[in-house]
Structure formats: C-alpha cells, structure tokens
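# Secondary and tertiary structure notes
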Amino acid sequence: MGEIQNYIKKNRKKFLNELLDLLRIPSVSADPAFAGDVKKTAQSVAKSLKAAGCKNVIINKTKGHPIVTGELIVNKKLPTVLVYGHYDVQPADPIELWDNPPFEPVIKKVKGHKEGAIFARGACDDKGQMYMHVKALEAMTKTKNVPCNIKFMIEGEEEVGSVNLESFIRKNKKTLACDVVLVSDTSIISNEVPSITTGLRGLSYVEVEVSGANRDLHSGVYGGAVANPLNVLADMISSLKGKNGKIRIPNFYDDVLEVSKKERAAMNKAPFDIKEYKSELKINATMGEKGYTVLEQTSIRPTLDVNGMWGGYIGEGAKTVLPAKAFAKISMRLVPHQDPNKITKLFSKHFNALAPKGVRVKVTPHHGGEPAVTPTDTLEYKAASLAMEKTYGLEPIPQRSGGSIPIVSLFENILKVKTVLLGFGLNTDDIHSPNEHFGVENYFKGISTIPYFYEYYAALKSGKKIRLGSEKETKSKTKKVQKKLNVAKSKLTTKPFVKKL
Ligand code: BES
Ligand code: MN
Ligand code: MN
C-alpha cells in the first residue's frame, strides 16, 4: 500500500495536469452544439482508462451520448467493484458570472481549500471525482497492487437524466455483473469532517405552459380584461406551497417515509453551523418546511422549486406587452417511498385544476428519478468507512444528501447490488453554478482513499480483520477536530480497531 501512495505523491503534477486537460473539453450534454466535444471527452476517458491498465475498453454508442466501459479482471474468484461516474457536465450559463472561462481551468486560492481549488465546469461534478478513480487505478496497476476486480462504466448523459443508461444496463447485465457499485459524485461535510452519503433524493421534473390569447397584445389596449398568462402562472405557482413550507398538492405526502425520532436525532448530531451556512450564502434567514432543521429539510423532506420562469418581454428597457404565453420549469425532490411517476401525475392533475377559465395549461414531464437509501451495515460500507478513516484520521459520518443520482436505484433493481457513495466534493463547490471548483486536496484525498477501499473490501470479503492504527493516535486526532469545530457533543468518534465483522 505504501507503494501506491508513493506513486500518487510522485505523480501529483501529472495527475493534476491530466485532469485540467480533461476539463478543457466542454462536454455539455444538454446542448446539441457540444455533441462533438462530448464524443471527444468519451474518447479521452477511454484513452486514460487504457493507459491506467484497464482492459476491454469500449466506447459504447447509444441513441444519445456514448457510455465508456472497461474492466480489469485480476482473478475471477475475487470480488468485483463497478465504478460508475459521468464525464458530461452542466451548461456553463450564465457565462458572464464566471471569474475565469469555464473551460479554461485555473487553480486558485479559495476559503476552505488549503491547497487551492481547480475552477472549471465539471471540476467537481463529476469529471474531477470520476477521474480520481482512473488515477487510483493507474497507481494500483503501476505498482502491481490490485486486490480485486474493477469494472468501469462512465456515462455522458447523467446531467440530462441518464436516458439511455437503463436499457444499456439491462442489455449488458453480464458485462456489468459485480458485487458492489462505487460512485464518487457526492459531497463530504468538510475537509476536516469526512462523511459518506447514505441517501439521495428522487426527482420529478415538469415544464408548464400557460396560454392566454392567440397572440401578444398591447397591454394598454387589452390589459385589464384579457388573462395575462404570466400573472396567472405566478398565482398558480405561489399557491403550490403554504406559508409553513408544506406542498399543497393533494396526496403529495401520502408515501413519504417519516424518519424516526431517533434517526432524526442522530442526523442532527452531524456538525452543522447555521450561522456559517447563512453567511456563506449571504442570506439572513432560511425558509423551509416548519418543524424540520436545515439538514432535514435538505435530505429527508421533499421540496418543490421553480427552476426557471419566462415569457413576455425580457429584453432591454420596457415594452408594453400582454404576453400570449408563460412558462416555468418546476422540480420536485422526492424522498423514500415517493414514486416520481405518481408524483408527476398528481402535479399534473392539480396544476390543470388550478387554472382559471381564461387560460389553457399544458404540463410536460421531463426526466425523473427514484430516491435511494444505502445501508450502513454492509461490508462495502465498512470498507469505505475504514478507507476514509485511514486517510482523514476520523471515522466518517453517514449523511443523507439532497441531490439525486437516479441510476443508484437502477443498480439495485437491475444488477441487484448496493451502491457506496464515496464522494469527496464540498457542498460549497458551486456545482451547477458559475465558478464551480474542486479542492486540490479533495482530488488527491480521493485518489489516496480509493485504493484503500479496494484493499479493505477485498480483505473484509475474505474474512480478514483490519487494524488502522493505535487507539491513542485516533483518540487524540478526534479530540483535536472536536475542539476546532466546537462539536463536543457530536458523534465524532473514531474506532481505531476494527473488530471481527
Ligand atoms: N452529482 C450530482 C448529484 C449530487 C450532487 C448528489 C451533490 C449529492 C450531492 C448529479 O450530477 C446531479 O446533478 N444530479 C441531478 C439529477 C439529474 C437527474 C439531472 C440533480 O441532483 O439535480
Ligand atoms: Mn454528478
Ligand atoms: Mn450534476
């Protein structure tokens, strides 16, 4: 294992530069104008997988963007880990809000990142995190230290709902067969407090259109008599949520799994500073569902948000117009056991019923996804936890996330395997926003931690015990962090020895 870590240390510059090269290709999956670049990115990923020692590397064509697969089978008797990630990125808009061009990566100093951060679209989500796995593999193969079989499936349509992935997985069940899926596409609590994501929210996403008259009208000549679709849409949307933050779509909460008091108490022990949260976002108050903490509001509770709303005149100056149409994109984040299709239907029915007589309403569903919860009592969770404890010096805290990775539930349903969400980003990395970045330290922590995961996973699977370090060492580390973060009561504990599992 020392050899692997030495290889990583020696190749820091190379590993960093290669990621910067990958970030230079604008693989925006949502915009057809970038289709050529998305393809180029797939080719680049395939090339780097081959160079890292991966065999059978294939760029699989789909109806949309390609899926890159590969494998390194060292011994059929050993367990197999399937690494999933995505090489596509979100659009960079609004480009004018970036301090540096989104596809010309730079490393800059920034709060919370001791070694600076890489600024570029996709730096954290997910090129940087996906590439950690490629570099970890390289370090393992070059030092001849691969403790289990490793397969890769890196897709190019995650940010547009993974529309072609389900059929690909169904058709390639054998090629993708594995014991566990490993994904780095989530966050940790902070660089001092590691965590493992144990839940993801689901998603229902709709686009709505409200139409009034057959054409745009003079807002003086017709205004006051003819329905204004923008006014109506604003009314309809504002009625969707009550003052208490509850969603007012009938039957919306029917299937929501209420989390037990005990589990909620444990959840709220995780270090979280509301003052810091507000000051970092420059807001005076949060505004969520009554009766729940921010950590709960963003993980175990469903939400409804307008993602964009448009219509009428939005150019320079003033134009007096009564628009013929108004539009909005609305997302609903879902929790176990809400069904995205059912929720989309409930929304559609309710939204149509809300419309006053003077307008017509159209609801178009976009991609959705199921929520997921990953267990903490499995060998793979233990291996991930130990790997993080090894590199951070602290046992990671299990934490549910508010984001969505719909494919996780498909792995469970189709491949019948669990997923480990071993992410290394920070919530403040501005993914999907201008100035997305990924800490240099986070990138290398990921590369260093991943080989330990394989080692511990293979060892635990074969019934071995793992010893991380002396009890004294880890106790004093825990104390230090507790003091620094002022979370004396939190459950920041370390377990230096892993007893027989
Ligand atoms: N990596 C994110 C999901 C994520 C981010 C999970 C942070 C946990 C913490 C992923 O790329 C993403 O953006 N997913 C979309 C859903 C998808 C269907 C477009 C999302 O969550 O909005
Ligand atoms: Mn992602
Ligand atoms: Mn994303």
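Our subject is the structure that appears above.
Residues numbered from 1 in each chain as written. Chains lettered and ligands numbered in written order. Predicted model: local features only at pLDDT ≥ 70, side-chain atom pairs only at ≥ 80, totals over all residues. Heavy atoms only, no water.

The environment of ligand 1 is formed by 18 residues, the closest being Glu158, Asp185, Arg333, Ser404 and His432. Here an oxygen atom of ligand 1 sits 3.2 Å away from a polar atom, N or O, in the side chain of histidine 86. The fraction of the free accessible surface of ligand 1 (520 Å²) that becomes covered by protein chains is 91%. A class-by-class count of the residues in the shell around ligand 1 yields five nonpolar, eight polar and five charged. Both of domain 1 (2–200 + 372–461) and domain 2 (202–256 + 302–369) provide at least three residues apiece to the shell around ligand 1. (Near = heavy atom within 4 Å. Polar contact = N/O pair within 3.5 Å; in protein donor to acceptor, adjacent residues only side chain to side chain. Areas by Shrake-Rupley, 256 points an atom, 1.4 Å probe, with all protein chains shown as cover. Nonpolar A, V, L, I, M, F, W, Y, C, P; charged D, E, K, R; others polar. Domains from an automatic or database assignment.)

With seven of its 10 residues buried, strand 14 (residues 325–334) lies for the most part within the structure. By the bridge criterion, 10 bridges tie strand 10 (residues 202–211) to strand 14 in an arrangement that is antiparallel. Bridge pairing in strand 14 links valine 210 to alanine 326. (Buried < 20%, exposed > 50% of the residue type's maximum accessible area, 1.4 Å probe, protein only. Helix = DSSP H or I, 4+ residues; strand = E, 2+ residues; numbered from the N terminus. Pairing = 2+ DSSP bridges.)

Closest axis-to-axis distance for the helix 2 (residues 12–23)/helix 14 (residues 440–461) pair is 12 Å, and the angle between their directions is 110°. Between helix 2 and helix 14, the angle is such that the two are roughly perpendicular. Counting all contacts with helix 2, which are made through Arg12, Phe15, Leu16 and Leu19, the residues of helix 14 involved are Val440, Tyr443, Phe444 and Ile447. The residue inventory of the contact of helix 2 with helix 14, partitioned by class, reads seven nonpolar, no polar and one charged. (Axes fitted to C-alpha atoms, helices over the stretch in contact; angles between N-to-C directions. Parallel < 35°, antiparallel > 145°, perpendicular 65-115°, else oblique. Contact = heavy atoms within 4.5 Å.)

Strand order in this open sheet of four strands is 12-14-10-15, and the pairing throughout is antiparallel. Bordering the open sheet on either side are strand 12 (303–311) and strand 15 (360–365), each of which pairs with just one other strand. Each neighbouring strand pair of the sheet contributes to a mean axis angle of 20°, computed without reference to strand direction. As defined by bridge partners, strand 12 adjoins strand 14 across eight bridges and the pair is classed as antiparallel. Residue pairing across strands places methionine 309 opposite alanine 328, the latter belonging to strand 14. Docked against the sheet, helix 7 (residues 229–238) engages strand 10, strand 12, strand 14 and strand 15, running at close to 20° with respect to strand 14. Together, strand 10, strand 12, strand 14 and strand 15 form the strand contacts of helix 11 (residues 340–354), whose direction differs from that of strand 10 by roughly 25°.

Now for the coordination of the manganese ion (ligand 2). For the manganese ion (ligand 2), the full set of protein donor atoms is His86 (NE2), Asp125 (OD), Asp185 (OD) and Asp185 (OD), at a range of 2.0 to 2.3 Å. For the manganese ion (ligand 2), the six donor atoms in the first shell make angles of 57 to 166° at the metal, a pattern classed as irregular. For the manganese ion (ligand 2), all donor residues lie on one chain, and their spacing in sequence is H-x38-D-x59-D. (Donors = N, O, S within 2.8 Å, 3.2 Å for Na, K, Ca; no water. Tetrahedral: all angles 85-135°; square planar, octahedral: opposite > 155°, others 65-115°.)

Our next topic: the sheet that holds strand 4 (residues 106–110). With antiparallel pairing, three strands are arranged side by side in an open sheet as 4-5-20. Where the open sheet ends on each side, the last strands, each with one partner, are strand 4 and strand 20 (437–439). On average, each strand axis in the sheet is inclined to that of its neighbour by 35°, with strand direction left out of account. Here strand 5 (residues 113–119) pairs with strand 20 via three bridges, running antiparallel. Counterpart to phenylalanine 119 in the pairing with strand 20 is histidine 437.

Now for the side chain of aspartate 125. One can find aspartate 125 in the loop between strand 5 and helix 4 (127–142). Buried charge without a partner: aspartate 125 forms no salt bridge, and the closest opposite charge is arginine 121, 7.3 Å away. Separated by 3.0 Å, the side chains of aspartate 125 and histidine 86 make a polar contact. For aspartate 125, the side chain forms a polar contact with the side chain of histidine 432, separated by 3.0 Å. (Lys, Arg positive; Asp, Glu negative; His and termini not counted. Salt bridge = Lys/Arg side-chain N within 4 Å of Asp/Glu carboxyl O.)

Any link to function would need more than the numbers given here.
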